[in-house]
Protein chains: 2
Amino acid sequence: MGATLGILGGGQLGRMTAMAAARLGIPCVVWTPDADSPASQVAAETIVAPWNDSQAAAVLAAKVDAVTLEFENVPLDAVRALTELVAVRPGARCLEVAQDRLLEKTFANDLGIATAPYRQVGSLDELGRAFQDIGGPAILKSRRLGYDGKGQTRLNQSGDAPLAWEEVGGVPCILEGFVPFEKEVSVIVGRGLDGACRAYDVMENHHENHILRRTLAPAAISPAVASQAQEIGARLASALDLVGLLAVEFFLLEDGTLMVNEIAPRPHNSGHWTIDACTVSQFEQLVRAVVDLPLGDPQRHSDAEMLNLLGNEASMVSDSLSQPGTCVHLYGKSEARAGRKMGHITMLRPRT
Amino acid sequence: MGATLGILGGGQLGRMTAMAAARLGIPCVVWTPDADSPASQVAAETIVAPWNDSQAAAVLAAKVDAVTLEFENVPLDAVRALTELVAVRPGARCLEVAQDRLLEKTFANDLGIATAPYRQVGSLDELGRAFQDIGGPAILKSRRLGYDGKGQTRLNQSGDAPLAWEEVGGVPCILEGFVPFEKEVSVIVGRGLDGACRAYDVMENHHENHILRRTLAPAAISPAVASQAQEIGARLASALDLVGLLAVEFFLLEDGTLMVNEIAPRPHNSGHWTIDACTVSQFEQLVRAVVDLPLGDPQRHSDAEMLNLLGNEASMVSDSLSQPGTCVHLYGKSEARAGRKMGHITMLRPRT
């Protein structure tokens with residue numbers, strides 16, 4: 001097919017994207033600020049440079065036909081500069097929205113899509129007023145750079161405000177009302193240059209200490225709720241004019257209401273099961289969208305349960321290796337810090 | 001798991017082995033005489049050097065924990081020299097047998113395993129006598145370096161001998177009696193350092209112009225014949241004390257007799273379906289065996305049909321990309337020569 005793909009970021013999502021590209025014979029060039037990244041071990045080439053290095057941008061643009069990204073916190077200025085040189089998919093507008101919890105929620109609400117109630121918080125005074133409005137318990141979240149529960153703290157009563165404000169470092173935030181959800185579910189939608197959307201089955205996620213631990217695919221939810229989640233994913237992707245993947249995390253309330261929690265314009269941890277349970281994985285779907293190949297069929301051939309391997313759990317996979325129906329994935333990270341995502345296991349079962 | 005794997009050879013089998021190793025977080029160093037090989041595009045590192053380069057052997061041995069190979073025609077001297085420095089799996093004895101059609105057939109027969117009738121042929125005179133013994137039609141095959149029908153020619157009558165002998169270049173040969181087979185089937189067996197064998201389901205192969213075109217898994221054969229093929233595969237692997245994979249191609253006669261046609265101590269084209277239809281592919285099974293991890297479950301979760309993409313067929317996969325249940329693999333080869341294996345497609349169906 002002759003294309004070469006650039007990937008911004010060198011983590012496991014970039015690694016698995018490069019491996020999916022390799023299946024299609026598409027070489028990847030990874031741009032990452034970090035030496036010896038998981039993605040660079042499997043990519044044809046790596047550029048190690050900070051995001052503001054305009055020469056690195058020129059070198060990358062000269063080598064590839066299109067660029068995608070494995071995390072949404074690449075600085076917008078760097079993405080915009082790169083966009084002058086080569087197609088970046090998804091584009092800067094998608095990142096802008098996904099990088100900022102306030103824009104993200106506003107964007108969803110403007111489309112008539114529900115989220116948890118929230119207020120913008122720029123000062124301790126505003127935090128106090130927001131808590132009065134929303135009531136407790138509530139979660140104070142930094143608008144930017146939050147992941148795996150980082151930059152978040154809980155307020156149970158108004159007296160918690162000063163400490164919470166200190167904990168998040170006094171950065172621009174939102175205060176989000178606590179939603180008594182029954183399940184957390186997510187959906188991943190691929191969207192091509194022609195606007196065609198293909199959604200994977202909705203999955204159900206279980207977190208521990210704010211880190212994804214376990215995903216079940218498909219989610220044990222009604223077909224109507226599943227369709228609605230897929231439809232919301234496609235609507236958001238289309239409104240963002242996104243080319244690539246959009247992952248949408250939802251709270252599912254007891255009455256069947258779906259509220260968008262977060263969006264991510266990239267492959268998502270909750271979609272790792274698609275590598276082993278679908279003919280076209282989320283990573284391959286991303287590659288296809290970005291280099292303008294036809295999107296693949298997102299149907300699953302098996303049901304799946306995915307478990308993240310955190311910290312030193314990856315050194316204990318020996319038993320899993322010989323379990324029937326069990327697929328083991330490790331990311332080639334040398335240092336097993338506590339809570340760090342080192343790999344995952346997918347257990348396949350006959351399709352229901 | 002911390003291991004690093006060396007791979008002798010840089011073709012598509014090495015490429016898919018390196019990709020399977022990457023799933024397990026295992027980096028690969030490829031040794032190949034060819035610059036810009038398919039495997040080098042996805043390996044952590046490549047050594048480009050001829051097989052007799054003893055310095056390259058030392059460099060590879062210093063970087064890896066074990067070495068495997070993606071084709072069996074690495075010169076034995078090179079393999080033996082490397083074995084002094086690092087574990088090579090499968091070992092030189094396996095290659096010695098697999099490199100030589102005469103040794104291969106003798107080895108099988110000595111274990112009581114049937115092959116087509118054959119005679120050793122070292123001269124035109126011997127060819128004449130062999131044809132008298134075996135009768136026509138018969139196939140003259142060079143003992144060494146034959147693949148995809150290369151180094152083979154057919155004799156229908158004794159008068160064909162001189163031309164046939166000229167066609168194979170007068171090299172040491174065997175003359176093989178033509179077997180009126182009903183099907184060609186194959187099996188792939190993984191064997192660990194501890195001697196444990198795990199066989200994949202037997203598959204059925206269809207060739208065109210001596211090149212594999214299509215594989216069906218499982219083969220449409222009786223369970224008894226399938227078990228027997230798996231048992232023969234395990235018996236051959238054990239007798240060779242092989243660590244890694246053994247692929248065995250059989251002729252299946254109408255009366256249910258299995259005759260070994262060829263063996264290959266490496267991943268095999270007829271096993272590519274295992275990437276998409278099994279939790280542990282033939283390539284991952286090889287990696288596990290060679291770096292001494294537990295072998296995986298070889299059960300298929302889906303039935304599969306594999307089609308090779310030859311020559312410029314790879315440029316016409318656009319339709320396949322959007323077909324449900326269809327997995328497309330391309331090998332990153334730049335030049336699409338006629339008959340060259342450029343990629344393959346696997347179509348999955350619910351398990352029968």
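Rules behind the numbers
Residues numbered from 1 in each chain as written. Chains lettered and ligands numbered in written order. Predicted model: local features only at pLDDT ≥ 70, side-chain atom pairs only at ≥ 80, totals over all residues. Least-squares fit on C-alpha atoms with pLDDT ≥ 70 in both. Contact = placed C-beta atoms within 7 Å. Buried ≥ 20, exposed ≤ 12 C-beta atoms within 10 Å, placed from the backbone. Helix = DSSP H or I, 4+ residues; strand = E, 2+ residues; numbered from the N terminus. Pairing = 2+ DSSP bridges. Nonpolar A, V, L, I, M, F, W, Y, C, P; charged D, E, K, R; others polar. Arc of directions from axis to C-beta. Axes fitted to C-alpha atoms, helices over the stretch in contact; angles between N-to-C directions. Parallel < 35°, antiparallel > 145°, perpendicular 65-115°, else oblique. pLDDT = per-residue confidence, 0-100.

We now examine the relation of the copies chain A and chain B. Once turned by 180° and shifted 0.0 Å along the axis, chain A lies on chain B with an RMSD of 0.0 Å. Expressed as an axis order, the relation between the two copies is that of a two-fold axis. Of the C-alpha atoms belonging to chain A, the one lying closest to the rotation axis is found on A:Val42, 2.5 Å away. Interface overlap between copies is the fraction of interface residues in one copy that are interface residues in the other; for chain A against chain B it reaches 100%, indicating a shared surface.

All names here are of chain A. Counted residue by residue, strand E17 (residues 341-350) has 8 buried out of 10 residues, so it is predominantly covered. Bridging between strand E15 (residues 302-310) and E17 involves 9 bridges; their strand directions are antiparallel. Pairing of leucine 309 across the sheet is with glycine 343, part of E17. Taken together, the 5 bridges between strand E16 (residues 326-330) and E17 define a ladder with antiparallel strand orientation. Note on E17: the bridge partner recorded for cysteine 327 is threonine 346.

Contacts between the two partners involve 35 residues from chain A, matched on the other side by 35 residues from chain B. When contributions to the side of chain A that touches chain B are tallied by element, the ones reaching two or more residues are helix H1 (12-23), helix H11 (318-321), E16 and E17 of chain A. Looking at which element gives the most residues to the side of chain A that touches chain B, the answer is E16(A), with 5 residues. Looking at the side of chain A that touches chain B, its residues break down into 17 nonpolar, 14 polar and 4 charged.

All names here are of chain A. The complete set of buried residues in helix H6 (residues 124-134) reads Leu127, Ala130 and Phe131. All buried residues of H6 project into a common sector of 100° when viewed along the axis, lining one side. Along H6, exposed side chains directed more than 90 degrees from the buried face belong to Asp125, Gln132 and Asp133. Summarising the contacts, the buried residues of H6 are in contact with strand E5 (118-121), strand E6 (138-142), strand E7 (152-155), helix H7 (161-167) and strand E8 (173-177).

Moving on, we come to the sheet that holds strand E6 (residues 138-142) of chain B. Residue and element names in this part refer to chain B. Sheet architecture is open: 4 strands sit in the order E5-E8-E6-E7, paired in antiparallel fashion. The open sheet has two edge strands with one neighbour each: strand E5 (118-121) and strand E7 (152-155). Along the sheet, successive strands turn relative to each other by an average axial angle of 25°, direction set aside. Across the sheet, helix H5 (residues 101-110) lies against E5, E6 and strand E8 (173-177), angled at about 50° from E8, the strand it touches most. Across the sheet, helix H6 (residues 124-134) lies against E5, E6, E7 and E8, angled at about 175° from E5, the strand it touches most.

The subject of this paragraph is the packing of helix H3 (residues 76-83) of chain B against helix H4 (residues 92-99) of chain B. Residue and element names in this part refer to chain B. The N-to-C vectors of H3 and H4 enclose an angle of 170°; their axes lie 10 Å apart at closest approach. Between H3 and H4, the angle falls in the class roughly antiparallel. Contact residues: H3 offers Leu76, Val79, Arg80 and Thr83, while H4 offers Ala92, Leu95 and Glu96. Here the contact of H3 with H4 is composed, by residue class, of 4 nonpolar, 1 polar and 2 charged.

So, about the environment of A:Tyr200. All names here are of chain A. With respect to the helices, strands and loops of the structure, tyrosine 200 is situated in the loop between strand E10 (197-199) and strand E11 (203-208). Classification of tyrosine 200 by C-beta neighbours within 10 Å gives buried; the count is 30. Linking tyrosine 200 and glutamine 230, residues 30 residues apart in sequence, is a C-alpha distance of 7.9 Å.

Let us now look at the confidence of the model for chain A. Chain-level pLDDT for chain A is 95 on average; 99% of the residues reach the 70-or-more range. Reported confidences for the modelled complex are a pTM of 0.96 and an ipTM of 0.94.

Further remarks concern the sheet that holds strand E2 (residues 28-32) of chain B. Residue and element names in this part refer to chain B. With respect to topology, 4 strands assemble into an open sheet ordered E3-E2-E1-E4, the strand pairing being parallel. Of all the strands in the sheet, just strand E3 (45-48) and strand E4 (66-69) have a single pairing partner and so form its edges. For this sheet, the mean angle separating the axes of adjacent strands, direction not counted, is 25°. Bridge analysis of strand E1 (residues 5-8) against E4 gives 4 bridges, and the strand direction is parallel. Residue pairing across strands places leucine 5 opposite alanine 66, the latter belonging to E4. Sitting on the sheet, helix H2 (residues 54-63) is in contact with E1, E2, E3 and E4, with an inclination near 165° to E2.

Moving on, we get to unusual backbone geometry. A:Ala217 connects to A:Pro218 through a cis peptide bond whose omega is 0°. Counting through the fold element by element, A:Pro218 comes out in the loop between strand E12 (211-217) and helix H8 (223-239). Non-glycine residue B:Asn209 carries a positive phi angle of around 50°. For B:Asn209, the position within the fold is in the loop between strand E11 (203-208) and strand E12 (211-217). Here the phi dihedral of B:Asp292 falls at roughly 60°; this positive angle occurs in a residue that is not glycine. By the secondary structure assignment, B:Asp292 is in the loop between helix H10 (282-290) and strand E15 (302-310). You can call B:Asp292 partly exposed: it has 16 C-beta atoms within 10 Å.

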